[in-house]
Amino acid sequence: MGNKTNGRFIVFEGIDGSGKSTQIKKISKRLEAFGYKVYSTFEPTDGPVGSLIRQMLSGKVPTDQRTIASLFAADRTDHLVNKVSGIRHKVDQGEIVLCDRYYFSSYAYHAQYIDMKWVIHANALNAEILRPDVTIFIDVDPDICLERIKNSRSNFEMYEKIDIMKKVRASYFKAFDALKDLEKIVIIDGNSTKGKVEDAILNEVKKVLSEIK
Ligand code: TYD
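Residues numbered from 1 in each chain as written. Predicted model: local features only at pLDDT ≥ 70, side-chain atom pairs only at ≥ 80, totals over all residues. Heavy atoms only, no water.

### Description of the packing of aromatic side chains
- Tallied over the entire structure, the rule returns 12 aromatic pairs.
- Ring plane angle 15 degrees and centroid distance 5.5 Å describe the contact between Tyr103 and Tyr107, whose orientation is recorded as stacked. Remark: Tyr107 and Tyr103 occur in helix H5 (residues 103-110); sequence separation between them is four residues, near one turn of the helix.
- Note on Tyr107: relative accessible area 2%, which makes it buried.
- With 5.5 Å between their ring centres and 80 degrees between their planes, Phe137 and Phe173 make a pair best called edge-to-face. Of this pair, Phe137 sits in strand S4 (residues 134-139) while Phe173 sits in helix H9 (residues 162-178), placing them 36 residues apart in sequence.
- For Phe137, a relative accessible area of 1% gives the class buried.
- Taking relative accessible area as the criterion, Phe173 reaches 31% and is therefore assigned partly exposed.
- Taken together through their ring pairs, the aromatic side chains of Phe9, Tyr102, Tyr103, Phe104, Tyr107, Tyr109, Phe137, Tyr172, Phe173 and Phe176 make up a single cluster.
- The ring of Tyr102 has Arg76 sitting right over it, with the charged end atom 5.6 Å from the ring centre. (Phe/Tyr/Trp six-rings, centres within 6.5 Å; stacked < 30°, edge-to-face > 60°. Helix = DSSP H or I, 4+ residues; strand = E, 2+ residues; numbered from the N terminus. Buried < 20%, exposed > 50% of the residue type's maximum accessible area, 1.4 Å probe, protein only. Lys NZ or Arg CZ within 6 Å of the ring centre and 35° of its normal.)

### Here's the deal with the pattern of salt bridges
- The full count for this structure, using the stated rule, is 13 salt bridges.
- A salt bridge links Asp177 to Lys180; the shortest N-O distance between them is 3.3 Å.
- Lys180 sits in the exposed class, given a relative accessible area of 52%.
- Each member of the salt-bridge network shares a partner with another, and the members are Lys26, Arg30, Glu198 and Asp199. (Salt bridge = Lys/Arg side-chain N within 4 Å of Asp/Glu carboxyl O.)

### Considering the sheet that holds S4
- Read across the sheet, five strands follow the order S2-S3-S1-S4-S5 without closing on themselves; strand pairing throughout is parallel. Strands with a single pairing partner mark the edges of an open sheet, and in this sheet they are strand S2 (38-42) and strand S5 (185-189). Across the sheet, the axes of successive neighbouring strands diverge by a mean angle of 20 degrees, strand direction being ignored.
- In the sheet, S4 pairs with S5 via five bridges, with the strands oriented parallel. Bridge pairing in S5 places Ile138 opposite Ile188. (Pairing = 2+ DSSP bridges. Axes fitted to C-alpha atoms, helices over the stretch in contact; angles between N-to-C directions.)

Next up, the structure:
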């Protein structure tokens with residue numbers, strides 16, 4: 001499979017409860033078994049800006065949406081370029097970076113409250129630093145996602161409400177359409193079994209790994 005010295009940046013997107021983190025773990029194991037060096041990461045990060053964001057999302061720190069959107073963009077820049085675990089460096093070193101959420105999350109979630117164009121603009125620097133080799137959207141029915149969340153957690157975050165989840169899903173598709181000429185986006189049907197979803201994702205990942213850069 002492909003050239004193992006060439007790093008890749010593979011982003012997973014989806015509404016809350018779509019199974020991104022489960023799939024990232026599975027895909028990571030599969031790629032490691034093929035001999036790739038894999039680095040799994042996520043946004044919001046667990047760095048200083050990401051920690052502040054999590055407090056805001058849980059309602060502990062009051063805020064407004066423009067502030068949150070700006071902080072997410074700042075958290076992302078740090079995620080890309082920080083010296084300890086920056087994604088840009090990992091990719092340059094030949095690692096396969098699997099990232100749970102990236103700027104499409106910002107476009108989808110914050111467009112509920114502010115103009116999507118503004119959010120895209122706020123992330124222009126991040127896009128310049130690193131565009132994903134592919135963004136994989138795990139598409140799951142919002143009703144199924146909400147059931148999964150209810151069964152697995154006791155506390156709800158700000159965004160985990162059914163009407164919002166439906167709007168977020170629609171915004172993802174609006175953003176994919178708006179940026180289809182600049183971004184490589186793959187939609188995976190996430191409503192079937194975990195195994196089938198995993199195979200479909202792996203198939204797409206293999207395509208990206210075998211591309212010569
Ligand atoms: P999530 O992936 O659900 O983290 P966890 O499973 O650890 O709770 O992300 C937390 C929330 O952050 C999620 O509801 C989506 C939201 N979010 C944004 O609003 N904008 C962004 O740019 C990102 C990356 C996430």
